[in-house]
Protein chains: 2
Amino acid sequence: MRFMAATAPPPTSPLSTLKMRLGDMNALHAAIGIMDWDMQTYMPPGGSEARAQHVSRLMRMHHDLFTSDEVQRLVEESSRGATGDDAAMLRVVKRELDQATKIPAALVEEKAKLTSTAFDIWVKARAANDFKSFAPYLERVVEIVREEAEYLGYKDHIYDALIDLYEEGATTADCRQMFDGIRQPLTDLVRAIAAKPQVDDSVLHGAWSEPAQKAFTEMIVKAVGFDFQRGRQDKAAHPFCTGWSIGDIRLTTRYKDNLLSAIFSSLHEAGHGMYEQFSPKEWDLTPLCGGVSLGLHESQSRTWENLVGRSRAFWVRFLPDLKQAFPQLAALDVDSFYRMANKVQPSLIRVEADEVTYNLHVLIRFELECDMLTGALTVRDLPEAWSSKYQTYLGVRPATDSEGCLQDVHWSGGSIGYFPTYSMGTVLSFQIWASMARDLGDLDAVIQRGDLASIHGWLVEKIYSQGRRYTPKELVQRVTGKPFETHDYLKGLTAKYAALYGL
Amino acid sequence: MRFMAATAPPPTSPLSTLKMRLGDMNALHAAIGIMDWDMQTYMPPGGSEARAQHVSRLMRMHHDLFTSDEVQRLVEESSRGATGDDAAMLRVVKRELDQATKIPAALVEEKAKLTSTAFDIWVKARAANDFKSFAPYLERVVEIVREEAEYLGYKDHIYDALIDLYEEGATTADCRQMFDGIRQPLTDLVRAIAAKPQVDDSVLHGAWSEPAQKAFTEMIVKAVGFDFQRGRQDKAAHPFCTGWSIGDIRLTTRYKDNLLSAIFSSLHEAGHGMYEQFSPKEWDLTPLCGGVSLGLHESQSRTWENLVGRSRAFWVRFLPDLKQAFPQLAALDVDSFYRMANKVQPSLIRVEADEVTYNLHVLIRFELECDMLTGALTVRDLPEAWSSKYQTYLGVRPATDSEGCLQDVHWSGGSIGYFPTYSMGTVLSFQIWASMARDLGDLDAVIQRGDLASIHGWLVEKIYSQGRRYTPKELVQRVTGKPFETHDYLKGLTAKYAALYGL
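Since this is a predicted model, take the numbers as computed values, not measurements.

Criteria and thresholds
- Residue positions are given per chain, counting from 1 as you read along its sequence in written order.
- Chain letters and ligand numbers both follow the written order, the letters beginning at A and the numbers at 1.
- Where totals are concerned, whole chains, interfaces and linings use all residues; where local detail is concerned, this predicted model gives features only for residues with pLDDT of at least 70, and gives and counts side-chain atom pairs only at 80 or more.
- As a convention, hydrogens and water are excluded, and side-chain values are obtained from all of the structure's heavy atoms.
- Orientation is described by axes fitted as lines to C-alpha atoms, over the contacting stretch for helices, and by angles from 0 to 180 degrees between their N-to-C directions.
- Numbering of helices and strands runs from the N terminus; a helix is a DSSP stretch of H or I covering at least four residues, while a strand is a stretch of E covering at least two.
- Each angle gets one of four labels, with under 35 degrees taken as roughly parallel, over 145 as roughly antiparallel, 65 to 115 as roughly perpendicular, and the rest as oblique.
- Only heavy atoms matter for contacts: two residues are in contact if any of them lie within 4.5 Å across the pair.
- Each residue gets one label: Ala, Val, Leu, Ile, Met, Phe, Trp, Tyr, Cys and Pro are nonpolar, Asp, Glu, Lys and Arg are charged, and the others, such as Gly, are polar.
- Burial classes: relative accessible area under 20% of the type maximum marks a residue as buried, over 50% as exposed, and values in between as partly exposed (1.4 Å probe, protein chains only).
- Of the two site types, the cavity is a set of points on a 1 Å grid over the protein atoms alone where a 1.4 Å probe fits but cannot get out, and the pocket is an open set with protein on both sides within 12 Å along at least five of seven lines, each lined by residues with an atom within 4 Å of a point.
- Grid points are joined across faces, edges and corners, and a volume is the space filled by probe spheres set on the points.
- Helices are assigned an expected span. That span is 1.5 Å times one less than the residue count.
- To superpose the copies, least squares is applied to the C-alpha atoms of every residue with a pLDDT of at least 70 in both.
- Each domain's limits were defined by an automated method or a database of domain assignments.
- Here's the idea: put two parts together, see how much 1.4 Å probe accessible area each one loses, and the total over both is what we call buried area.
- Take a side-chain nitrogen of Lys or Arg and a carboxyl oxygen of Asp or Glu: if they are within 4 Å of each other, that pair is a salt bridge.
- N or O atoms closer than or at 3.5 Å make up a polar contact, with two conditions inside protein: a donor-capable atom paired with an acceptor-capable one, and, for residues adjacent in sequence, both atoms drawn from side chains.
- Note on pairing: DSSP must find at least two bridges between two strands before they are called paired.

1. Considering the packing of helix α2 (residues 48-66) of chain A against helix α1 (residues 14-41) of chain B
Put simply, α2 of chain A and α1 of chain B touch, their axes get as near as 9 Å, and they point 105° apart. Taken as axis vectors, α2 of chain A and α1 of chain B run roughly perpendicular relative to one another. Where α2 of chain A approaches α1 of chain B, its residues R51, H54, R57, L58, R60 and M61 of chain A are matched on the opposing element by M20, G23, D24, N26, A27, L28, A30, A31 and I34 of chain B. For the contact of α2 of chain A with α1 of chain B, the residue count by class is eight nonpolar, three polar and four charged.

Given below as structure tokens:
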């Protein structure tokens, strides 16, 4: 392959010119994406200063191009009478253009500066368990996010404007309904499990070989359908998935003393990765390519991590391989391993939480975010409110703010409204799973006979191949035949853990 | 580090606005650079189609920005009364703008399309030893390059316009003078060596461990002064050096059955890399940063590869480490190893050539390029002309065109005028070395006592820290006190090989 200067086709219509501009923006986004991937995988320490400058310039170039008078006019003109894929693409573009233009540049700039500083302060505050030093920055972040919400507009609740940024069409009422539905059942389930003897998973902790972990995780990631001809997996401090074409989707994982960590984080990221890899080829590099929302995306990572990866059937299939890779585990039987992979233990840290307690961590953040935005909770009172909610919902209480309200990066970066998508995704994964079971039959049997391709194929057909053609709500309705709800989630979760813990 | 949208400073002058635009172009170049690096190191096969499109779009964006009316006007206005660094920067920018604007867009596009196809055809033609299928494309390449040269303009010889693209200010007459000076002495030296018993280096061929080669090459690359805090070394099919900031310079190497291959290619690329790494911090990300020309750059790769790396003194120092890394070599003594590292053997393939024969390979290409451009040689007659020159200068004759005139990638890409910079760099490395010896004394003694930092420091002061402030010719004059010439090269090379081969 050689590089050559691309030349614009003669613009025959506003739409073809718009597609040309969108192609340029896509190239800028790809550049930002690869620079970010590289920063987190291979970049030498000395590269960070230039990297920050390069990325910020490319972001500004993208923003200037997107919000230019020409592009706004082209979007307007192209929208008249557009049909089919073009109409769907224009809907996506108009929504993003709306978000990019509604907030004044001065506020965008102020937020960028503030969060850049707030992030540095947060890193230090968390290390020093010093919430007081972070509090004034968080106060200002909340104020700016409030202003943003006002510029974006909303109908019922100021939080609506924010959650919509991450989950198109979702409202505060939707979140409330979800959390109201799961709060009590989850709390009850956690209490019931706590009364039972705890699983001993000490055999899974140790100094595991990194190359062996790499080989094993890549084997199972490949087995579930991630295509290594069109992707790769590298090591990074934090697992993530990124990409810039359906032909080049990248996962990262990390290796810890808990053998399960790399396994399940790899399956989780592979779920995100497959959603991207199996977008339609004809939409590659266009706004219609990729996952439709954070919630839908999370439903796929959770499906492969939990519903497939944490099933007993999966380990009937793969425990022999695991034992071969790690002969120390030779004595382990499938039922013991299954229990260890699904150990439930209320803890203080969200990112280490198990399948049952996870959504309670998220619920706490949602409630606190809403209260901070409406003014019902001041930043000064946040640590106590945080601790008290952990006590109520999880029965544990942080000894320090570092393992309390300082643990997450999101707020220092101004991301308020993001957290609920984690829970939506988890809940949705069960709803989709139930729908799949109606088509494919007993999914445990499907997994146990090694027919992961059927599950993969069903998800490709119903979800991955739809790209961003539909809104998230439309897609959920099409895939599951009903709107988003918590029934399948509560039923599935309760059944699984009742069996596991003998409730 | 967080990313934030960069905002333009209020433009107080044409120069400050120009610098803002140049910063954006620098970011686009950085993106292209990292995409190219990634393509050659980690990109999965499926990524190539999108990568080609992304890179070509970013190249066009760069070109459009650079040749925009605004930037041309800003360069013009900024040039009035500019002094010091600004004047030097504007000289560099004007030269590049000149090159970017003189050739009509239609010709650039035609060349891009042609060379894209020609490259594919060349790959197949080389594999199939089928020059005839490549010949029509090479004919068209030569025609287009002729047109380019006419647009660029020249004084004495059409080839002047082309070599100046790669080596500012160099002329055909300069090349002729250099090659006329070295043709006979090199041919004589090769003949004299051929009459002597050949060195047996079979002990260096084998199945060497890649991790051991990686560790050893990184150790010596670090020892010569390459900063791994601001760079890294990866594996690629072809060794190269690239970068996008003095804080992030990347080398690649490859591992072959000849143990010396990775060692000397690593030192070679590290020479390029250090020239970039030690540009002044205040010029980072500006047009004044980096090496001044291909010839100067090659002088630095050759210095570290040959004058340092292939010296006996260097191996007095590092052979013990090599033996530790590869215990199979335990019996090897320094003099034997020194002879193996400097084995001279006329061969057909330039990239595998030794220090003595290398410039004869280049000379042949220079003579053929000139003749093709003037029409003295037709493409049809190229294979025979090539073979006959190899017979004359090197005493070997290719049995096939694949190991003859089809071996290099350059012509299929339209790079005519590039080859002489390889020889200029080699010749210049000796001239600079002699100048360094006047300051630092016996350089073998300096190397043998492990004081590589003195050599590195001298080069940083005299060359690397000068960035692109001076023209290549000015820099050579400043560093060596005289214009470019072949005296030190011939003297140094002859003395070294007379001693090695007992001439």
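2. Points about unusual backbone geometry
Residues and elements named next belong to chain A. The backbone phi angle of N129 is positive, close to 50°, even though this residue is not glycine. With respect to the helices, strands and loops of the structure, N129 is situated in the loop between α5 (105-128) and α6 (131-152). Residue classification places N129 among the partly exposed positions, given a relative accessible area of 34%. For L285, which is not glycine, the phi torsion reads 70° and is therefore positive. Tracing the backbone through its elements, the reader meets L285 in the loop between α10 (259-277) and α11 (294-308).

3. Looking at empty space enclosed by the protein
On inspection of all chains with the given rule, the structure shows one cavity of 30 Å³ or more. Volume-wise, the largest cavity comes out at about 40 Å³. Residue classes in the lining of the largest cavity are distributed as five nonpolar, one polar and one charged.

4. Quick notes on α2 of chain A
For α2 of chain A, with 19 residues, the first-to-last C-alpha span of 27 Å sits near the 27 Å given by 1.5 Å per residue. Regarding α2 of chain A, the residues found buried are A50, R51, A52, H54, V55, S56, R57, L58, R60, M61, H62 and F66 of chain A. Of the surrounding secondary structure, the elements contacted by the buried residues of α2 of chain A are α1 (14-41), α3 (69-79) and α4 (84-102) of chain A together with α1, β2 (241-245) and β3 (248-253) of chain B.

5. Some thoughts on the relation of the copies chain A and chain B
Mapping between the two copies of the chain is achieved by a rotation about an axis and a shift along the axis. Take chain A, turn it by 180°, move it 0.0 Å along the axis, and it overlays chain B with an RMSD of 0.0 Å. Look at the turn and shift together and you get a two-fold axis relating the two. The C-alpha atom lying nearest the rotation axis in chain A is that of A31 of chain A; the distance is 2.7 Å. The share of interface residues of chain A whose copies in chain B are also at the interface is 100%, consistent with both copies meeting through the same surface.

6. Quick word on the domain arrangement of chain A
All names here are of chain A. Here the domain parsing of chain A yields domain 1 (11-102) and domain 2 (138-503). Measuring from the centre of the C-alpha atoms in domain 1 to the corresponding centre in domain 2 gives 28 Å. On the domain 2 side, the residues contacting the 19 residues of domain 1 number 22 residues. Here domain 1 meets domain 2 over a buried area of about 1900 Å², counting both sides, of which 55% is carbon and sulfur. At the junction of domain 1 and domain 2, the tally comes to five salt bridges. Put simply, D85 and R469 hold a salt bridge, and the shortest N to O gap is 3.8 Å. Mapped onto the side of domain 1 that touches domain 2, the elements with two or more residues apiece are α1 and α4. Tallying contributions element by element places α4 first for the side of domain 1 that touches domain 2, with ten residues. When its residues are assigned to classes, the side of domain 1 that touches domain 2 shows nine nonpolar, five polar and five charged.

7. Regarding the interface of chain A and chain B
Taken together, the 61 residues of chain A in the interface contact 62 residues of chain B. Across the chain A to chain B interface the summed buried area is about 5400 Å²; carbon plus sulfur atoms make up 67%. On inspection of chain A and its partner chain B, the count reaches ten salt bridges. In this structure, D24 of chain A engages R60 of chain B in a salt bridge whose closest nitrogen and oxygen atoms are separated by 2.6 Å. Taken together, the connections running from chain A to chain B amount to 20 residue pairs in polar contact (both at pLDDT 80 or more). Put simply, the parts of the chain that give the side of chain A that touches chain B at least two residues each are α1, α2, α5 and β1 (231-235) of chain A. Along the lines of polarity and charge, the residues of the side of chain A that touches chain B split into 29 nonpolar, 17 polar and 15 charged.

8. Digging into the pattern of salt bridges
Pairs can form between side chains of opposite charge once their charged atoms are near each other. Counted according to the given criterion, the structure contains 86 salt bridges over all chains. A salt bridge links E168 of chain A to R95 of chain A; its shortest N-O distance comes to 3.7 Å. Separated by 73 residues along the polypeptide, E168 of chain A in the loop between α7 (158-166) and α8 (172-194) and R95 of chain A in helix α4 bring together distant segments of the chain. Both residues of the pair, E168 of chain A and R95 of chain A, count as buried. In the salt-bridge network here, residues are joined through shared partners; they are D24 of chain A together with R57, R60 and D64 of chain B.

9. Comments concerning the sheet that holds strand β1 (residues 231-235) of chain B
Strands pair in a sheet through their backbones, by hydrogen bonds, and they do so in one of two ways: parallel or antiparallel. Residues and elements named next belong to chain B. Read from one edge to the other, the open sheet built from three strands follows the order β1-β3-β2, with strand pairing classed as mixed. The open sheet is flanked by β1 and β2, the only strands paired with a single partner. Averaged over all adjacent pairs, the angle separating strand axes in this sheet is 20°, with direction ignored.

10. Side note on the pairing of β2 of chain B
As defined by bridge partners, β2 of chain B adjoins β3 of chain B across four bridges and the pair is classed as antiparallel. Each bridged residue has a counterpart across the sheet, and for C241 of chain B the counterpart in β3 of chain B is L251 of chain B.

11. Considering the pairing of β1 of chain B
All names here are of chain B. For β1, the buried fraction is high: four of the five residues fall into the buried class. Taken together, the five bridges between β1 and β3 define a ladder with parallel strand orientation. Paired with K235 across the bridge in β3 is T253.

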